[in-house]
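Commentary on secondary and tertiary structure
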Amino acid sequence: MMNAQSHNWLSTILIIAGVAWIVISRPPDMNPTVPVPQPGFVAPAIVLPQLDGQTLSLSELQGQVVIVNFWASWCGPCRAEMPMLEQLYQAERRRGLTVLAVNSTVQDNPADVSNMQRDFGLSFPIVLDYDGSVGNRYGVRMLPTTFIIDRKGVVRRVLFGGPLSEANLRNVIEPLLAETE
Amino acid sequence: MLPAINIGPFALYTPGLIFLLGGWLIVQVVGRAAGVYRLSGDRMEIIVALALLAGIVGARLGYALMSWPYYLRDPLALVARDLQAFSLPAGVLTTILVGGWQIWRQRWPLWVTLDALAPGIALAALTYALAQFASGDGYGLPTNLPWAIHLWGEPRHPTQLYAACVALLALIVWRQSYRRIQTPGVLFLTICGVLAAGTLIGDGFRATGLLLPGNIRFSQVVALIVFIIIVRIWPKLTLQHNMQ
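Presented here is an overview of the structure given in this document. If you're wondering where the values come from, they're calculated on a predicted model, not measured in any experiment.

Here the focus is the environment of Thr55 of chain A. Residue and element names in this part refer to chain A. Inspection of the secondary structure assignment puts Thr55 in strand 2 (residues 55–57). Using a relative accessible area of 49% as the deciding quantity, one classes Thr55 as partly exposed. Leave out the neighbours within four places in its chain, and Thr55 touches Val47, Leu48, Pro49, Gln50 and Glu60.

Printed below as a string of structure tokens:
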């Protein structure tokens, strides 16, 4: 059994060792340069055709807050959240918000995508991932999966599943909309 | 990293599944541990289950509170299927408050009760570490060590697995010691000490987490404080028990 003095010495040594380790193990300042679909990293590239055949790239949208939403026309939760995304897009596009809906066309078809765009009155850009390469690049394993990208092109949140609520999305995007480029 | 498990047409959110399974295991293990310490195992199971459920509600409410104007406009969003609309600190606080209140009502001896809860704390740490591993969160700093895992573009310290190993060690320590006759509270302090020391050391390799000025990790500071408190309390607890 330790006496009080030995115990005090032990506590002191542990404090010094603990503080020393905390200082030694401080992480370096890291700038997000590697394109990876994870918060804190630069968003991987998206260059895909739209329904009219025109190509749209994510880099063209730099300077805006982008909601990148991976979806399919047969996916129930995807369909359920589309009206909310359209409403949010209309309400906040002037503040620099845009929605980039990436259809997982490798497991869908353009006719159904076009019908859904018409039926839901979707006005934001919809691009078609014919071979699933962009979905793979973003590590999409479930639909819908939503990536929130800031004005500098950095991923800030990843939201799995749906349908997402407007309140939750606003909680994420409002601080980003308030950020200047 | 495995954020989703695909079973036929269904995609299940893996971290959520891990939390559910972990919660169930915690209830089972703590219930059995309570029996060893001559507390009512059935009652303990109900208390822990209620506390965990309250934690889920608290986590959602805590998240909503951070952005209450949006949830005020859309109250139904409180029950929406937003898988990430949860605040972990609010959830943990609610679990502790509700569980603590329920345990206080039982008038069980404090240190004996904490000894019974000790494996639950280790299991909770293990559950969290595995959920982070599945989601890819809590990732480590880049390294060239042979056991590095390739995550987010480069080989990194598998810090989620370090945390899981620390939690497993705590569980092994508990398993080896729980039937021994010892001062009430010592086993609880031992488990917490192992977890605190492991966090202090292991979080030194993390690339994520809240940073204080000077790039000091908040988690390491808390872990050091907890560890020192445990080291200071330990002899006082043993002495008090011996005098009784």
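Additional details are given in the paragraphs that follow.
For the rest of this paragraph, the subject is the interface of chain A and chain B. Taken residue by residue, the interface counts 41 residues in chain A and 45 residues in chain B. Contact between chain A and chain B buries roughly 3,600 Å² in total, counting both sides, with carbon and sulfur atoms accounting for 63%. The largest share of the area that chain A buries against chain B comes from Trp21, Ile22 and Phe160 of chain A, three residues that together contribute 17% of it. Remark: the boundary between chain A and chain B carries zero salt bridges. For the side of chain A that touches chain B, the elements supplying multiple residues, two or more each, are helix 1 (4–24), strand 7 (155–160) and helix 5 (166–178) of chain A. When residues in the side of chain A that touches chain B are grouped by element, the largest group, ten residues, is from helix 1 of chain A. Residues that form the side of chain A that touches chain B fall into these classes: 23 nonpolar, eleven polar and seven charged.

Our focus in this paragraph is the pattern of salt bridges. Following the criterion strictly, the structure yields ten salt bridges over all chains and no others. We note a salt bridge from Arg170 of chain A to Glu166 of chain A, for which the minimum N-O separation is 2.9 Å. Of this pair, Arg170 of chain A and Glu166 of chain A both sit in helix 5, separated by four residues, roughly a single helical turn. For Arg170 of chain A, a relative accessible area of 7% corresponds to the buried category. Taking the shortest distance from any N to any O, the salt bridge between Arg206 of chain B and Asp203 of chain B comes out at 2.9 Å. In this structure Arg206 of chain B comes out as buried when scored by relative accessible area, which is 10%. Since its relative accessible area comes to 10%, Asp203 of chain B is described here as buried.

Here is what the cut-offs are and how they apply
- Throughout this document, residue positions are counted from 1 along each chain, in the order its sequence is written.
- Naming scheme: in the order in which they are written, chains are lettered from A and ligands are numbered from 1.
- For this predicted model, a pLDDT threshold of at least 70 governs which residues receive local features, and a threshold of 80 or more governs which side-chain atom pairs are given and counted, while totals over whole chains, interfaces and linings are taken from all residues.
- Working from all heavy atoms in the structure, the side-chain values ignore hydrogens and water.
- A helix here means a DSSP run of H or I that spans at least four residues, while a strand means a run of E at least two residues long, and both kinds are numbered starting from the N terminus.
- Here's how the labels work: a residue is buried when its accessible area is under 20% of the maximum for its type, exposed when over 50%, partly exposed in between, all with a 1.4 Å probe on protein chains only.
- In this analysis, two residues are considered to be in contact whenever any of their non-hydrogen atoms come within 4.5 Å of each other.
- Simply put, the buried area is the total loss of 1.4 Å probe accessible area from both parts when two parts are fitted together.
- The salt bridge definition used is simple: a Lys or Arg side-chain nitrogen within 4 Å of an Asp or Glu carboxyl oxygen.
- We call Asp, Glu, Lys and Arg charged. Ala, Val, Leu, Ile, Met, Phe, Trp, Tyr, Cys and Pro are nonpolar, and the rest, Gly among them, are polar.

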